[in-house]
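Now for the letters of each chain:
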Amino acid sequence: MAEAQGQAPPDEEVLVAPERGSVEELLDASAGDPLDPMRHSAAHVMAEAVMDLFPGTKLGIGPAIADGFYYDFELPRALTPDDLAAIEARMAASVAADHAFVRHELPPEEGRAFFVERGQPYKVEILDDLGVAARAAGRPMPPVTTYEHGPFIDLCRGPHVASTGRIGPFRLLSVAGAYWRGDEKRPMLQRIYGTVWATQEELERYLWRREEAKKRDHRKLGRDLDLFSFHAESPAAPFWHPRGMALWRALEAWSRQVRLEGGFVEVRTPAVVRKELWETSGHWALYRENMFVFEDGDHLSGLKPMNCPESMLIFRTQVRSYRDLPMRLADYSWLFRNERTGALAGMFRVRQLTQDDSHVICRDDQVIEEVNLALRLVRRQYGPFGFEPRFKLATRPEKKLGTDEFWEMAEGKLAEALHGAGIAYAVDSGGGAFYAPKIDVFVEDALGREWQMATIQLDYQLPQRFELEYRAAAGGVERPVVIHYAIYGSFERFIGIITEHYAGAFPFWCAPVQAVVVPIADRHLDAAGELAGVLRARGLRVEVDNSSNRMQNKIRLAQEQKVPYMLVFGDREAEARTASPRTRGGEQQPAVGWEELAERLAEEAAARRPD
RNA sequence: GCCGACAUAGCUCAGCGGUAGAGCAGCUGUUUCGUAAACAGCAGGUCCUCGGUUCGAAUCCGAGUGUCGGCUCCA
């Protein structure tokens, strides 16, 4: 989720840290939530409470964020959950006291002196930086604004609610470490997160949503549904169980079909690669700390973190003609990334992963068309999940390779491809990779969370590093362009996302187990097995519950496993060679003949409806 | 990597200085049942690992490993 790189408008970034990864923030940084003043006010009240309980606390920043607020503190000791309760109680007292928020303005020097005197070095640093920024812009340093309520006064530009009594129902949520200004070389402060809403109902709804998200946690569902497991013997590397693998294969088959329709051919490339390749690609210089490197005889080798360099080698195995382009290569190879331990998180960040990786090697005049194809494939591949992707054009960053003309051209091509596909998009100014602009793709899940999914990257660097060339129509040689994208991203992360999106109730087409036959008594087991065989012959994933449980319990277990169809099978069905389907939605369907059922379910699977 | 928390049976958790408990799951037996839990019995644990304190450690302390919440990172 934190893959998006937020870039706050320059004059906002000091006092208000945007929530990283929030697409709303990325798409429209100016759109503030109407609850923000209240949330920010709650942060002030929390700071008041903390100062009260821990005199001498040094204050960091305390902005409003999506759904709430936080404040960073330098404290004499680590906070415990009990402290949160005490802080909440003090906050409640401050709210009950209904202190007015009062704005003050001080001349710059006086304002600075005020915070020096109060022993607030972080606030002083902010003021000093504001001064530097003002001078750089050739403006005079503006007055220092503070907000005071009751016993507490803080550097702040506002706005706030009129008084603390206007702060709605709130709850403190968690404590976490956070580097001052997000810089890992600076001190680590303690950040308290809280949430606040206009009404009790909204607060409760938010807390319910958090609970719901916890219930849907893919790490829990992955175990409950027997999809995968993690083991300390290979940290952050999933072990795929039969059911997880069934889901994977269904997704993979769909990805392959989409690639096939898009004119791709598939390759597979080695996992162990000598360092010379990574030197050529630039990974050795730029990505080595994330690679697993080892001695391989008298050479140094690395496990590949990405597929692209190897596709370059495949391209170079022949003299290529302009007629051979575009060459569209799909690659589902294993990738290995030695992520920093703290970054690991269930399926969302693993160290061994597989992408539905796509490399299009094309002529410069084919770029727009190929990006356009990528955009169409993205939409097509997300269709069966009901995801409606949103697109963002990430343009030149401050630190970049290449001339302005180059960026002008590359950004223009991506924009044109977006227009050509009839896609409305936002611009993430400065969000591009250092070597080229890109198009980032986002989807919203069933809980309203935004996820960054595919990224479509233009790459003029790799062809140059690998000296790729083709024979041009006009004679001579020219250098192709590479377009990279993975639509699911990694299978691991995508499965994590859809597990939570569907709360484990996967659509029929990709459900790990599509139907369970529920024999009513042991005498039905043989015929139930026959029924399963008929369905399996049509490629359906069917199991028979041959336990000694009663039918009711078999149904309950199948429901808990979120199996789309339960096929109740007793004397009547055995007699007539039918089955009585019950859906996981609780609908009981009339008995149907085996062949007809197989036909119907096979069609349903092929239709890949999002459900 | 950094800050903090957590680690007890397959799962969810209780026990928190005197050598370990429940529910569910599992196994066995009985039951063979018509749309979300049949009944009975049995079995199951170097209390993450290593070290320390103590007469005695699941319990206190330290280190390590893993996981979780964040920060950072994320071609």
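Numbering of residues begins from 1 in every chain and follows the order in which that chain's sequence is written. To read the labels, note that chains go from A and ligands from 1, taken in the order they are written. Owing to the predicted nature of the model, reporting of local features is limited to residues with pLDDT of at least 70; listing and counting of side-chain atom pairs is limited to 80 or more, with chain, interface and lining totals taken over all residues. As a rule here, side-chain values come from all non-hydrogen atoms in the structure, and water together with hydrogens is ignored.

(A) Expanded view of the overall build of chain A. If you tally the helices and strands in chain A, you get 19 helices and 30 strands. The principal-axis extent of the C-alpha atoms belonging to chain A is close to 90 × 75 × 50 Å. Think of it in three bands: with a 1.4 Å probe and only protein chains considered, a residue is buried below 20% of the maximum accessible area for its type, exposed above 50%, and partly exposed in between. Relative to its full complement of 611 residues, chain A shows a buried share of 52%. Pairs of residues are marked as contacts when any of their non-hydrogen atoms sit within 4.5 Å. Taking all contacts inside chain A whose residues are at least 6 apart in sequence as the whole, residues at least 24 apart take part in 71%. Here the Shrake-Rupley method, with its probe set to 1.4 Å, supplies the accessible areas, and only the displayed protein chains count as covering residues. Accessible surface computed for chain A: about 28,200 Å², of which carbon and sulfur atoms make up 50%. Measuring between centres, the 75 positive side-chain charges of chain A sit 2 Å from its 92 negative side-chain charges. Here a strand is any run of E in DSSP of at least two residues, a helix any run of H or I of at least four, and the numbering for each starts at the N terminus. Just so you know, the count uses Lys and Arg for positive and Asp and Glu for negative, and it drops His and the chain ends. In this description, the location of a charge corresponds to atom NZ of lysine, CZ of arginine, CG of aspartate or CD of glutamate.

(B) Just the sheet that holds strand 13 (residues 293–296), in detail. Two strands are counted as paired when DSSP detects at least two bridges linking them. With respect to topology, three strands assemble into an open sheet ordered 12-14-13, the strand pairing being antiparallel. Looking at the sheet topology across the chains shown, the edges are occupied by strand 12 (272–274) and strand 13. Across the sheet, the axes of successive neighbouring strands diverge by a mean angle of 40°, strand direction being ignored. Bridging between strand 12 and strand 14 (residues 299–303) involves three bridges; their strand directions are antiparallel. Note that in strand 14 the partner of V273 across the bridge is G302. Geometry is summarised by axes, namely lines fitted to C-alpha atoms with helices restricted to the contacting stretch, and by angles between N-to-C directions that run from 0 to 180 degrees.

(C) Region of the structure containing the nonpolar core. Core analysis: the largest hydrophobic core is formed by 64 residues, its most contacted members being L251, V371, Y382, F385 and L458. Among the elements that make up this core, the one with the highest residue count is helix 12 (residues 367–382) (eight residues). In this entry, domain limits derive from an automatic or database-based domain assignment. Split by domain, this core shows at least three residues from each of two domains, domain 2 (234–501) and domain 3 (508–607). Residue contacts for L251: discarding those within four places in its chain leaves F385, Y488, F491, F494, I495, I498, W509 and C510. To qualify as a nonpolar core, a set must consist of buried Ala, Val, Leu, Ile, Met, Phe, Trp, Tyr and Cys residues joined through side-chain atoms within 4.5 Å.

(D) Here's a closer look at a nonpolar patch on the surface. Judged by side-chain polarity, L286, L401 and F434 come together as a nonpolar surface patch covering roughly 280 Å² of accessible area. Looking at where L401 falls in the secondary structure, it is placed in the loop between strand 19 (390–394) and helix 13 (404–420). Classification of L401 by relative accessible area gives partly exposed; the value is 36%. The patches described consist of residues with a relative accessible area above 30% and no salt bridge, like charges being joined within 9 Å and nonpolar side chains (Val, Leu, Ile, Met, Phe, Trp, Tyr) within 5 Å. Salt bridge criterion: a side-chain nitrogen from Lys or Arg within 4 Å of a carboxyl oxygen from Asp or Glu.

(E) The domain arrangement of chain A, seen in detail. For chain A, the domain assignment lists domain 1 (23–215), domain 2 (234–501) and domain 3 (508–607). Each of domain 2 and domain 3 was reduced to a C-alpha centroid, and the two centroids are 40 Å apart. Opposite the eight residues of domain 2 that make contact, domain 3 presents seven residues. We define buried area as the total accessible area lost by two parts upon association, computed with a 1.4 Å probe and summed across both. With both chains or domains summed, domain 2 and domain 3 bury close to 670 Å², and 66% of this area falls on carbon and sulfur atoms. Between E543 and R243 there is a salt bridge; the shortest N-O distance is 2.7 Å. Each polar contact in these results corresponds to two N or O atoms within 3.5 Å; when the atoms are within protein, one needs to be able to donate a hydrogen and the other to accept it, and residues that are neighboring in sequence are counted only if both atoms are side-chain atoms. At the boundary of domain 2 with domain 3, the tally comes to three residue pairs in polar contact (both at pLDDT 80 or more). Gly is placed with the polar residues, together with every amino acid not listed as nonpolar (Ala, Val, Leu, Ile, Met, Phe, Trp, Tyr, Cys and Pro) or charged (Asp, Glu, Lys and Arg). Considered class by class, the residues forming the side of domain 2 that touches domain 3 number seven nonpolar, no polar and one charged.

(F) Quick look at the environment of G68. Inspection of the secondary structure assignment puts G68 in strand 3 (residues 68–74). Residue classification places G68 among the buried positions, given a relative accessible area of 1%. Sequence separation between G68 and R171 is 103 residues, and the spatial gap between their C-alpha atoms is 9.2 Å. In this structure G68 touches R39, G194, T195 and V196, once residues within four positions along its chain are discounted.

(G) Focus on the side chain of E604. Looking at the element boundaries, E604 is found in helix 19 (residues 594–607). Although E604 is buried, it makes no salt bridge; R609 carries the closest opposite charge, 4.3 Å away. Setting aside anything within four residues of it in sequence, one finds E604 in contact with F508, Y565 and R609.

(H) Seen up close, the sheet that holds strand 24 (residues 477–478). Within the open sheet, the three strands sit side by side as 15-23-24. Their pairing is mixed. Single-partner strands in this sheet number two, and they are strand 15 (320–321) and strand 24. As paired strands, strand 23 (residues 470–471) and strand 24 are joined by two bridges and run antiparallel to one another. Bridging across to strand 24, R471 finds its partner in V477.

(I) Expanded view of the side chain of K304. In this fold, K304 is placed in the loop between strand 14 and helix 11 (308–315). Accessibility expressed as a relative area gives 0% for K304, which makes it buried. At a separation of 2.9 Å, a polar atom in the side chain of K304 contacts the side chain of N307. A polar contact is formed between the side chain of K304 and the side chain of S333, at a distance of 3.3 Å. Look past the residues within four positions of K304 in its chain and what remains in contact with it is T269, P270, A271, W278, E310, D331, S333, W334, L335 and F336.

(J) View of the pattern of salt bridges. One pass over the full model with this rule turns up 43 salt bridges. The structure contains a network of salt bridges with shared partners spanning R396, K400, D404, E408 and E411.

(K) Structural view of unusual backbone geometry. Cis rather than trans, the peptide bond between G158 and P159 has omega equal to 0°. For P159, the position within the fold is in the loop between strand 6 (152–155) and strand 7 (170–179).

(L) View of the packing of helix 8 (residues 242–261) against helix 15 (residues 491–501). Contact geometry for helix 8 and helix 15: axes closest at 11 Å, N-to-C directions at 110°. If you check the angle between helix 8 and helix 15, you find them roughly perpendicular. Of the residues in helix 15, those in contact with L247, W248, L251 and E252 of helix 8 are F491, E492, F494, I495 and I498. For the contact of helix 8 with helix 15, the class distribution of residues is seven nonpolar, no polar and two charged. Angles are sorted into four bins: roughly parallel if under 35 degrees, roughly antiparallel if over 145, roughly perpendicular if 65 to 115, and oblique for all others.

(M) Main features of the packing of aromatic side chains. Each Phe, Tyr or Trp ring (for Trp, its six-membered ring) is paired with any other whose centre lies within 6.5 Å, and the angle between the two planes then decides the class: stacked below 30 degrees, edge-to-face above 60, tilted in between. All chains considered together, the criterion is met by 27 aromatic pairs. For the pair Y122 and W180, a centre-to-centre distance of 4.7 Å together with 50° between the ring planes defines the contact as tilted. Of this pair, Y122 sits in helix 5 (residues 121–136) while W180 sits in the loop between strand 7 and strand 8 (188–196), and the two are 58 residues apart along the sequence. Looking at W180, the relative accessible area reads 1%, which means it is buried. Measuring from centroid to centroid gives 5.8 Å for F406 and W407, while their planes differ by 85°, and the two rings are edge-to-face. Classification of F406 as buried rests on a relative accessible area of 17%. We classify W407 as buried; its relative accessible area is 0%. Following the ring pairs from residue to residue traces out a cluster consisting of F228, F230, W240, W248, Y332, Y382, F385, F387, Y488, F491, F494 and W509.

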